[in-house]
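Chain and residue survey
Spelled out from the first residue to the last, the chains are:
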Amino acid sequence: MREHAEFMLEKEKIDALIEDGYEITAVQENLEGAFVQFSNGEKQAHLHIESADARKYFSFLLKKQKEEAAST
Amino acid sequence: MANLETSLAGIRSPNPFWLASAPPTNSGYQVQRAFEAGWGGAVWKTLGDPILNVSSRFAATSFNGQAVAGFNNIELITDRPLEVNLREIEETKIKYPNHAIIASLMVEPNQEKWHEIVKMVEAVGVDGLELNFGCPHGMAERGMGAASGQVPELVKQQTAWVKEVAQTPVIVKLTPNITDITFTAKAAVEGGADAVSMINTINSLAGVDLDSWNTVPNVAGKGAHGGYCGPAVKPIALNMVAECARRPDINVPISGMGGVSSWKEAAEFMLMGASNVQVCTAAMHHGFRIVEDMIDGLNNYLDEKQIGSVAELVGKTVPKYSDWGELDLNYRVVAQIDTETCINCNKCHIACEDTSHQCIDMLKDEQGNDFLQVREDDCVGCNLCSIVCPVDGAIEMVEAPRKTGEEPMTWNERQSLVSMMGVK
Amino acid sequence: MATNQSEAWISVEDIKANFTEAHPALKQKDAVDEANRCLYCYDAPCITACPTDIDIPAFIKKIASGNMKGSAVTIMDANPSGASCARVCPTEELCEGACVLNHASTPIMIGDLQRYATDWAIKNEQVLFKKGEDTKQHIAIVGSGPAGLSAARELARFGHRVTIYEASAEAGGLNTYGIVSFRLPKEIPAWEVKQVKDLGVEIKTNTIVGKDISAAELTEQYHAVIIAAGMGKVPTLGIDGEELEGVRDAIEFVKMTKSGKWEENLSGKKVAVIGAGNTAVDAATCSVRLGAENVKMVYRRTEKEMTAYAFEYEFAKQDGIEFKWLSAPAKIEGNSSGEVTGLLVNKMKLEAAGEDGRQKVKAIEGATETLDVDLVIKAIGQERLNPLIEAFEVTHSDGVIQIDETTYATSKTGVYAIGDIIFGKGQGEAMVVSAAQQGKKAAWAIHSELTENAVHSA
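Residues numbered from 1 in each chain as written. Chains lettered and ligands numbered in written order. Predicted model: local features only at pLDDT ≥ 70, side-chain atom pairs only at ≥ 80, totals over all residues.

Along the backbone of chain C there are 17 helices and 15 strands. Scaling as 2.2 N^0.38, a compact globule of 458 residues should have a C-alpha radius of gyration of about 23 Å, and chain C matches this with 23 Å. For chain C, the spread of C-alpha atoms along the principal axes amounts to about 75 × 55 × 45 Å. Burial analysis of chain C (458 residues in total) assigns 49% to the buried set. In chain C, once contacts between residues fewer than 6 apart in sequence are set aside, the share between residues at least 24 apart is 71%. (Helix = DSSP H or I, 4+ residues; strand = E, 2+ residues; numbered from the N terminus. Rg over C-alpha atoms; globule rule 2.2 N^0.38 Å. Buried ≥ 20, exposed ≤ 12 C-beta atoms within 10 Å, placed from the backbone. Contact = placed C-beta atoms within 7 Å.)

A few words now on the overall build of chain B. Of regular secondary structure, chain B possesses 13 helices and 20 strands. Along the first, second and third principal axes, the C-alpha atoms of chain B reach 80 × 60 × 50 Å. For chain B, buried positions account for 47% of its 424 residues. In chain B, the share of contacts with a sequence separation of at least 24, taken over all contacts with a separation of at least 6, comes to 73%.

With 159 residues, the main nonpolar core has Ile226(C), Ile227(C), Val273(C), Ala417(C) and Ile418(C) as its most contacted residues. The greatest single-element share of this core, amounting to eight residues, is contributed by helix H17 (residues 432–457) of chain C. Excluding its chain neighbours within four sequence positions, the residues that come into contact with Ile227(C) are Val142(C), Phe392(C), Ile401(C), Val415(C), Ala417(C) and Ile421(C). Membership of the second largest hydrophobic core comes to 101 residues, among which are Val43(B), Cys135(B), Met272(B) and Val291(B). (Core = buried A, V, L, I, M, F, W, Y, C linked by C-beta atoms within 7 Å.)

Residues and elements named next belong to chain C. Overall, antiparallel pairing links the three strands, which are arranged S9-S10-S11 in an open sheet. One side of each edge strand has no neighbouring strand; the edge strands of this open sheet are strand S9 (327–334) and strand S11 (359–371). In this sheet, adjacent strand axes meet at a mean angle of 20° when their direction is disregarded. Direction of pairing for S9 relative to strand S10 (residues 340–353): antiparallel, over a ladder of seven bridges. (Pairing = 2+ DSSP bridges. Axes fitted to C-alpha atoms, helices over the stretch in contact; angles between N-to-C directions.)

According to the domain assignment, chain C consists of domain 1 (22–123), domain 2 (138–232 + 384–457) and domain 3 (247–378). The C-alpha-based centres of domain 2 of chain C and domain 3 of chain C are spaced at 32 Å. (Domains from an automatic or database assignment.)

To continue, consider the pairing of strand S5 (residues 58–63) of chain B. All names here are of chain B. In the sheet, S5 pairs with strand S6 (residues 66–73) via five bridges, with the strands oriented antiparallel. Residue pairing in the sheet places Thr61 in a bridge with Gly70 of S6. Hairpin connection of S5 to S6: two residues between the antiparallel strands, including Asn64 at a positive phi of 50°.

Facing 11 residues of chain C, the contacting portion of chain B comprises 11 residues. When residues in the side of chain C that touches chain B are grouped by element, the largest group, three residues, is from helix H2 (residues 28–37) of chain C. For the side of chain C that touches chain B, the per-class residue count stands at seven nonpolar, two polar and two charged. (Nonpolar A, V, L, I, M, F, W, Y, C, P; charged D, E, K, R; others polar.)

Residues and elements named next belong to chain C. Along the chain, the position of Lys130 falls in the loop between helix H8 (110–123) and strand S1 (138–142). Taking the C-beta count within 10 Å as the criterion, Lys130 has 10 such neighbours and is therefore assigned exposed. Here the alpha-carbon distance between Lys130 and Ala156, two residues 26 residues apart in the chain, equals 8.4 Å.

This brings us to the sheet that holds strand S3 (residues 202–204) of chain C. Residues and elements named next belong to chain C. Strands sit in the order S3-S2-S1-S4-S15 across an open sheet of five strands; the sheet is parallel. Across the chains shown, the open sheet's two edge strands, defined by having one partner strand only, are S3 and strand S15 (415–417). Averaged over all pairs of adjacent strands, the angle between strand axes in this sheet comes to 20°, irrespective of strand direction. As judged from the three bridges shared by strand S4 (residues 224–227) and S15, these two strands associate in the parallel manner. Looking at S15, one finds that Ile227 is bridged to Ala417. Those strands touched by helix H9 (residues 146–158) are S1, strand S2 (161–165) and S4, and its axis lies near 165° from that of S2.

For the rest of this paragraph, the subject is the domain arrangement of chain B. Here chain B is described as being made up of domain 1 (6–319) and domain 2 (324–419). Centre-to-centre separation of domain 1 of chain B and domain 2 of chain B, based on C-alpha positions: 39 Å.

Bringing helix H1 (residues 3–19) of chain A into the picture now. Residue and element names in this part refer to chain A. An ideal rise of 1.5 Å per residue puts 24 Å on 17 residues; H1 measures up with 24 Å between its terminal C-alpha atoms. Residues Phe7, Glu10, Ile14 and Leu17 constitute the buried set of H1. For H1, the angular spread of buried residues about the axis comes to 90°, placing them on one side. Residues of H1 that are exposed and point more than 90 degrees away from the buried face comprise Ala5, Glu12, Ala16 and Glu19. Directly after H1, the chain includes Gly21, whose backbone phi takes a positive value near 85°. (Expected span 1.5 Å × (residues − 1). Arc of directions from axis to C-beta.)

All names here are of chain B. Those residues of helix H1 (residues 28–37) that sit buried are Gly28, Gln30, Val31, Ala34 and Phe35. Looking down the long axis of H1, one finds its buried residues gathered within 165° of arc, a one-sided arrangement. Facing away from the buried surface of H1 by more than 90 degrees, the exposed residues are Tyr29 and Glu36. Those residues of H1 hidden inside the fold are in contact with strand S3 (17–19), strand S4 (41–47) and helix H2 (82–95). Gly38 lies just past H1 and shows a positive phi near 125°.

Residues and elements named next belong to chain C. Orientation of helix H13 (residues 250–257) relative to helix H14 (residues 278–289), taken along the N-to-C sense of each, is 50°, at an axis distance of 9 Å. Between H13 and H14, the crossing angle belongs to the class labelled oblique. Seen from above, H13 lies across H14 with left-handed handedness. Contact with H13, carried on its side by Ala250, Ile251, Phe253, Val254 and Thr257, involves Thr279, Ala280, Asp282, Ala283 and Cys286 of H14 and no other residues of that element. Of the residues in the contact of H13 with H14, the class split is seven nonpolar, two polar and one charged. (Parallel < 35°, antiparallel > 145°, perpendicular 65-115°, else oblique. Left-handed = near helix turned anticlockwise from the far one by under 90°.)

This part covers the confidence of the model for chain C. Counting all residues, the mean pLDDT for chain C is 94, and 97% of those residues have values of 70 or more. For this predicted complex, the interface score ipTM comes out at 0.93, alongside a pTM of 0.92. (pLDDT = per-residue confidence, 0-100.)

Before going further, it helps to examine the environment of Gly424(C). The residue Gly424(C) is located in the loop between S15 and H17 in this model. The spacing of Gly424(C) and Ile401(C) is 23 residues in sequence and 9.0 Å in space, taken between C-alpha atoms.

Okay, the pairing of S2(C) next. Along any regular strand, the residues point their side chains to alternate faces of the sheet. Residue and element names in this part refer to chain C. Relative to S2, S1 runs parallel, the two sharing five bridges. Within S2, the position partnered with Val142 by the bridge is Tyr165. With respect to chirality, the unit in which S1 leads through H9 into the neighbouring parallel S2 is right-handed. Note that S2 and S3 share three bridges and pair parallel. (Right-handed = clockwise from strand over helix to strand, strands pointing away.)

Residue and element names in this part refer to chain C. Relative to the helices and strands, Phe392 resides in the loop between helix H16 (386–391) and strand S13 (396–397). Placed 167 residues apart in sequence, Phe392 and Val225 show a C-alpha to C-alpha distance of 9.8 Å. For Phe392, the residues in contact, after removing those within four places along its chain, are Ala215, Ile227, Lys412 and Val415.

Shown next as structure tokens:
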């Protein structure tokens, strides 16, 4: 698959969780990519993020999440 | 006409172009010819205990028909008596009082030896001293040149000894044959250096003759490593200058050299923090007259940029040079091909297809004409296509909408965020 | 060039000098600089434009890297007449015309680089190819021109036994006899012939099919036959005076200049060449180089319709040839001793284009002119070899053998035809390079046919 398509698939999954009120609660990175844990307070969800752009993307969301948390 | 006058730690010269300590500055005859041609200064070929040279000394690499892409030498420091050199320095300085003459010096790591030679050369009126801690071949086998330049303590100690007696500014010339040049640059500063110059030549073997299997160059069938310089080393030199320039604790002026072939490289070195430049290979390739275009080109460049003095260039790009970890991960450029200008050599396609990210398609339009198109979504903005493109203006790297985050985020930022997010 | 038209005498030394190769070879620095200028395009249009698909960027890269043998092999592998084609190809219409640098600077001198690489192979007596393992299959080829040689070379590399029947004293066909030596010295096709002979190909020269051996004998004795006999002599004009001494056939005239004997000296002579194709230009430029005082090309149409390549026309102009356009030969005048004294031409005018889009020409009544000439050279095309074609019992259209354009098979099983003998009626191409490609393709078709048969019969 083309790299951009891979990114878009993973981004959609991330966006869907954010849309549903999930936040990133844990990240573990290793040679297989990033294992990102999301939570909406009640439920947890896990995504295995492999594409380079999606690994940039969730970390940017994390940055925004931290900034928002700091401002409230 | 911009003001090209420069000052390096107080050593003034009418322009930033100095001849580096090397074969072109071997004698008064040569240096005087150079000053006539327009060179602003000259670092006299290194003075020290008399040495002997071998026959067959230089070699060059050519690339795709371009001679002297890189240059290699196994010549040592001056082989003329010190007294002769001193006499010619004195005579030249009297004749050309406004041009800078710097004595390059190399002696054993011994306080007395340094004191002695510094006093002798200052007595004939040099404008400054350059300590040769860089020469990588021959002299290094005897504990001098790069051998002492690779040991920060020796750099610091010898600089300090020179400073004990020197009346003129002391420049320490550094070797690139070291993992991190800022260590030795720092040592020079700690020893009291007034300036540093870099780079000396890089350990090298120019080639092997495929018929005789002799090294190139060789002396009676035997070779030894030499020092590499010329256009090919510019990026290495430029980085070393930049790394020193951006370090607040290496707070002395820099004389930049290594592959300066025209006014353009000179401007680059100066933007990257050099107060002036030194040149050797370009002069050896073309003669002293090459400085005319260096001066003229730099002048026109400054005029075009409406900059009054070349000194204003110094260090302007340094704040833009950083660590990889400080680069914005979310910034994006993509390639765009102007099909009007494109000549359809397909080099961008095959470079991308084979060695990058497979995002340039070879297509046909309705009339059956070939054209190339970038799939911008898949383009990572690597620049390769625009690098291999033979036609100016056919491929442009343009800023593209960010797709991984609308604001900047660096690796360092990201890692500090992610590191706080361990599995709970 | 060493002629002075005001002088009525030209020495043999001057003639020899006039017939040495006119276009200078690239010097080493030129060649390497030019090779380095090549962009080494991917999927390069020059390759597509070459009828033999020479991997041009590859052979040029090899010159740049100093791999001269590899360069020569790349060229000769694709084109067994690669050394000749380097000199005679209309490169501006083919590879150089397709060079992408036409859009950015100036095209790469591909022809000259090809000559540089093949000259190297010639000078260094390189063996570039090996014959294949003997298949015991035997193929006869009629004609040793570029088409026949190419087929022979490929067949021999496959391991087939090949015998070429050549009517002339020397092999090489058009390249040996038909292209003027100041463009293509005889040594070049001779080297190409030797390359083929070195693969074990037998060439029976001075052997005429239809006289020394019959077509039927060939088809009976060989596993396959390729007809690559080219074309015949220049046809008659059908005007009075054609029988006079001093009326010559352009093909024979050019052939004479390639004999190396230099018996003909045209000092002080005035020559009219009838026709405006490449052979006509060759006859005209040869005449100048043999010392003729004045040479005119006489053509019933205009510059626009002439079939000579642009560079040939340019070459003729540089040699000081005069052109009489819209002039149709009506009569060759002679004296009592049978010598030509003049050429009577009828002036023509252009009329509206016919259905074929070509403007018609019509004689202007009463508008005649007598050109003061001593020699008339006919270059109005070549006759077809109908008797030979008919002897092979293959289908043809007015002497153009009809073939399958992929396999070059004729209507008769086991008989193939390539080169000028299939050119015409919208079929084939007249270029040496196309002949070479046809030879390759016919050889491949025969090889695949013979191997398939061998598999089936095994």
